[in-house]
Amino acid sequence: MPLLLTNATFIDWQSLTFTQTHLLVEDGEDGNVKFVGDISLYPDCQIIDCTGKLVTKSFAVGHHHAYSAMAKGMPAPKKNPENFHEILQYVWWNLDKCLDKETIEYSALITAMACARAGSTFVIDHHASPNYIKGSLEIMAKAFEKVGIGHLLCYEITDRDGIEKAGQGLDETAGYLQNHQGLVGLHASFTVGDNTLKNSVTLANQFDTGIHIHVAEDLYDQIHCEKTWHKRVVQRLADAGAMESSKSLLVHCLHLDENERRLIESSPLWLVQNAESNMNNNVGYFNGSGLGERILFGTDGMHSDILQSAKAAFFVGQRFDNITYPSSYQRFRNVHHYLRSNNFSGDRDNNLVVLDYRSGTEINQNNFLGHFIFGINATHITDVISQGKLIVKNREIQTVNEAEILRESIIHASNLWDRMRR
Ligand SMILES: [Zn+2]
């Protein structure tokens, strides 16, 4: 049954124009919305009364790690990490090695539900589970789809656990890309040898897709690259042919020199900024100068609230970046341009959020961005429509039994934490 949102204040996500209207929402992967005058012409619709509420395009996360969802509240690692490499070694590479079929599935389910609640209907994810590689992406895709979240997935290919595991990562990617839209994931330059890099670029070209890789997140990535390959990370990627697709995503990009900035600016690819993760890992600050406009926001697995990530980038950017209200909003929405211009499915106009935002000051096209930074947050989201389907209604997930999944997830997470202590 098509959805009809009645008496909405609709905000166009690009022009920020406000329109009082009813909205007919088409069902399907790439559906549209239509402004409707007389609702009596559409008797067979499910009606959502949006009186007094704002309706706009839903959000999307540009870089996520669903596999890290069970880290919240877990016991401290065996050693307190003192630098970025130790954070990977003692926290994330311990966690991802302990993931099995159930924990991959439930991590994806609880991530998808958290995304839905926070207004995101599409997730670009970077997955790692070195001891359960084969079939892992399919498990995640199914979990996201169960909740009703669109996705662009990849497996994190890396040599960190040896060439055999790198081969399994390549095989998993190739198998998945036969039947799904997705990317070719690479961990980072410092864990990817030349052969694996070459094979990954070949695979991406074969499936006409992009590379999704962490770049210069910590200075260590550059130091390692210069010592091992006598060049900087972005130059290494450029030399390997990994910078030529508009589908490619370079994540973080904190420690870049002028030449690397020029290489990125003149390439068709996109960057993903993860301000909160960078602060949490104490690795540095993103500065977009000289990098062009193709910048998205990600949560880097810390949480699923991309609106919060946009605000964090704005605040930290007051000192370390040249970020304004419009450029913050632009980066927040660029993920839609990235997905559309590259013909990825699942993020068209029939993805919407309904906000119960009660402001004591006027809100309109001209001052919307002030409300975007300082007013609107995920607690205002009452309903979420993904690909024309109502997946959150009155703040309750509609597609799956949330309480049951959370109960099960707690058991799986506790088993995961036990395995991590061994
Ligand atoms: Zn990441």
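Residues numbered from 1 in each chain as written. Predicted model: local features only at pLDDT ≥ 70, side-chain atom pairs only at ≥ 80, totals over all residues.

1. Concerning the sheet that holds strand β11 (residues 211–215)
Our working definition: A pair of strands is considered paired only if DSSP assigns at least 2 bridges between the two. We count a stretch as a helix when DSSP gives it H or I for four or more residues in a row; a strand needs E for two or more, and each element gets its number in order from the N terminus. Contact definition: two residues whose C-beta atoms, as placed from backbone geometry, lie within 7 Å. Orientation is described by lines fitted to C-alpha atoms, with helices fitted over the stretch in contact, and by angles between N-to-C directions that extend from 0 to 180 degrees.
Taking strand neighbours across the sheet as the criterion, the six strands line up as β9-β10-β11-β12-β13-β14 in an open arrangement whose pairing is parallel. Edge positions in the sheet fall to β9 (156–157) and β14 (295–297), since each has one partner strand and no second. Both strand β13 (residues 270–273) and β14 contribute to a ladder of three bridges, which runs parallel. Bridged to L271 within β14 is I295. Most of the contacts of helix α11 (residues 325–341) go to β14, to which it runs at about 110 degrees, and overall it touches β13 and β14.

2. Looking at the sheet that holds strand β6 (residues 59–64)
Strands sit in the order β6-β7-β8 across an open sheet of three strands; the sheet is parallel. Each end of this open sheet is capped by a strand with a single partner; those strands are β6 and β8 (150–152). Within this sheet the neighbouring strands show an average axis-to-axis angle of 15 degrees, counted without direction. Relative to strand β7 (residues 120–125), β6 runs parallel, the two sharing four bridges. Looking at β7, one finds that A60 is bridged to F122.

3. As for the domain arrangement of the chain
Basically, it comes down to this: Either an automatic procedure or a domain database provided the assignment from which the domain bounds are taken.
Its domain assignment divides the chain into domain 1 (3–57 + 347–397) and domain 2 (59–341). Distance between the C-alpha centres of domain 1 and domain 2: 30 Å. Listed per partner, the contact involves 18 residues of domain 1 and 24 residues of domain 2. Every element with two or more residues in the side of domain 1 that touches domain 2 is listed here: α12 (368–374), β16 (381–386) and β17 (389–393). Considering each element in turn, the side of domain 1 that touches domain 2 owes the most residues, four residues, to α12.

4. So, the pairing of strand β5 (residues 54–57)
Relative to β5, strand β1 (residues 3–11) is paired through three bridges, and the arrangement is parallel. By the bridge assignment, T9 is partnered in β5 with L54. With four bridges joining them, β5 and strand β15 (residues 352–355) adopt antiparallel strand pairing. Looking at β15, one finds that V55 is bridged to V354.

5. Structural notes on the environment of Y285
Stated precisely, the cut-off is as follows: We call a residue exposed when 12 or fewer other C-beta atoms sit within 10 Å of its C-beta, buried when the count reaches 20 or more, and partly exposed for counts in between; the C-beta positions come from the backbone.
Its location among the elements puts Y285 in the loop between α9 (275–281) and β14. Its 15 C-beta neighbours within 10 Å are what place Y285 among the partly exposed residues. For the pair formed by Y285 and H255, sequence separation is 30 residues and the distance between their alpha carbons is 8.6 Å. Sequence-distant contacts of Y285, defined by excluding residues within four places in its chain, comprise L254, N278, V316 and F320.

6. Comments concerning helix α13 (residues 402–421)
The line we're drawing: A helix's residues, less one, multiplied by 1.5 Å, set its expected span. The directions from the helix axis to the C-beta atoms form the arc being described.
Compared with the 28 Å implied by 1.5 Å per residue over 20 residues, the 28 Å span of α13 between its first and last C-alpha is a close match. Looking only at α13, the buried set comprises I405, S409, H412, A413 and L416. Down the axis of α13, the buried side of the element spans an arc of 115 degrees, and every buried residue falls inside it. Exposed positions of α13 whose direction lies more than 90 degrees from the buried face are A403, E404, R407, I411, S414, D418 and R421.

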